[in-house]
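A structural walkthrough
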Amino acid sequence: MPTPLTSGLTPLPREFFDRPSVELAPRLLGCLIVTDPVVLRITEVEAYAGSQDPGSHAYRGKSARNATMFGPAGHLYVYRHMGLHSCMNLVAADPGEGTGCLIRAGEVVAGRETARHRRTTSGVTRKDTDLAQGPGRLTVALGITWHDDGLDVCAPDAPVWVADRAREPAIGAGVRIGLNEAASDPVRHPWRFRIVGDPTVSGPPAYNR
């Protein structure tokens, strides 16, 4: 059922996601991830470039774990990180490329009480800005788990879908977080994109200047 916030919005088509991950990632900033009843505005993403990227789960090829990344654009690739929490990605580009964008952080703009209940059940949350501040918190707030791996956000009546942003935000770029040295080269892989000055962006302050 549409909320006042999502009434009139439509899911983005598959063609939107069918582009290189490094192009898709900044374009996702400001877009809305819509579930029921939580809606989240994306404020931080990281791009991963498949076999060309030592930070990517697809770097060494296709496996049972990362198979969704090698499928069509516009699907969720959801994995469990260290067995503790789930992280969600949006698959980019053509089938077989194994590329996608990790959704790192966002602002909960609808369904805040539901998001807060989910977060306090699984951990600690002190303020609205930390409800989805980080990839593990974000999936909890949205109610997304690793069982949602492979979900098509472009399908009719999809339980999770993405709507376009209302305007282009100010965008900053920098090094990705928590990866090995080869994948954290700020010259070769400045592929973490964020909305400049947004309080929901994760990571150390030095990374967000």
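The residue numbers shown here count from 1 along each chain, following its written sequence. Only residues with pLDDT of 70 or above have their local features reported here, since the model is predicted, and side-chain atom pairs are shown and tallied only from 80 upward, although totals for entire chains, interfaces and linings are computed over all residues. Derived side-chain values reflect all non-hydrogen atoms in the structure, with water molecules and hydrogen atoms excluded from consideration.

- The name recorded for the protein chain in an unreviewed UniProt entry is Putative 3-methyladenine DNA glycosylase, from Parenemella sanctibonifatiensis.
- Note on the protein chain: under the UniProt heading Sequence similarities (unreviewed entry), the record states "Belongs to the DNA glycosylase MPG family." UniProt positions are given in the numbering used here, feature names are shortened, and annotations may be inferred rather than shown by experiment.

**Some details on the nonpolar core**
- The definition of a nonpolar core used throughout is a set of buried Ala, Val, Leu, Ile, Met, Phe, Trp, Tyr and Cys residues joined through side-chain atoms within 4.5 Å. A 1.4 Å probe rolled over the protein chains alone gives each residue an accessible area, and that area as a share of the maximum for its type sets the label: buried under 20%, exposed over 50%, partly exposed in between. With 40 residues, the main nonpolar core has Phe17, Leu28, Ile42, Leu76, Met88, Ile103 and Val153 as its most contacted residues.
- The dominant element in this core, judged by the number of residues it contributes, is strand β2 (residues 39-49), at 5 residues.
- What makes two residues a contact is simply this: any of their non-hydrogen atoms within 4.5 Å. Discounting chain neighbours no more than four positions away, the residues touching Ile103 are Leu28, Ile33, Ile42, Glu44, Val45, Met88, Leu90, Pro135 and Leu138. Helix numbers and strand numbers start at the N terminus; a helix is a DSSP run of H or I with at least 4 residues, a strand a run of E with at least 2.

**A word on the side chain of Glu44**
- By the element assignment, Glu44 lies in strand β2.
- For Glu44, the contacting residues outside a window of four places in its chain are Leu29, Leu102, Ile103, Arg104, Ala105, Ile177, Arg192, Phe193, Arg194, Val201 and Ser202.

**Digging into the pattern of salt bridges**
- Any carboxyl oxygen of Asp or Glu that lies within 4 Å of a side-chain nitrogen of Lys or Arg is treated as forming a salt bridge with it. A complete count under the given rule lists 12 salt bridges for this structure.
- Among the salt bridges present, the one from Arg27 reaches Asp164, with a minimum N-O distance of 3.0 Å. Taken together, the residues span a long stretch of sequence, with Arg27 in helix α2 (residues 21-28) and Asp164 in the loop between β6 (161-163) and β7 (171-174) at a distance of 137 residues.
- Assessed through its relative accessible area of 22%, Arg27 is described here as partly exposed.
- Relative accessible area serves as the criterion here: at 32%, Asp164 is assigned to the partly exposed category.
- Notably, a salt bridge pairs Arg112 with Asp128, separated by 3.9 Å at the nearest N-O pair. Here the residue Arg112 occupies a position in helix α3 (residues 112-122), and Asp128 occupies one in the loop between α3 and α4 (135-142), the gap between them amounting to 16 residues.
- Among the residues examined, Arg112 registers a relative accessible area of 31% and is labelled partly exposed.
- Salt bridges linked by common partners bring Glu44, Glu46, Arg104 and Arg192 together as one network.

**Quick look at unusual backbone geometry**
- Geometrically, the link from Asp36 to Pro37 is a cis peptide bond, its omega value of 10° lying close to zero.
- By secondary structure assignment, the location of Pro37 is in the loop between β1 (32-34) and β2.
- In this structure, Ala93 is a non-glycine residue whose phi angle is positive, near 60°.
- Phi at Asp157 takes a positive value of approximately 60°, unusual for a residue other than glycine.
- By the element assignment, Asp157 lies in the loop between α4 and β6.
- Residue classification places Asp157 among the exposed residues on the basis of a relative accessible area of 80%.

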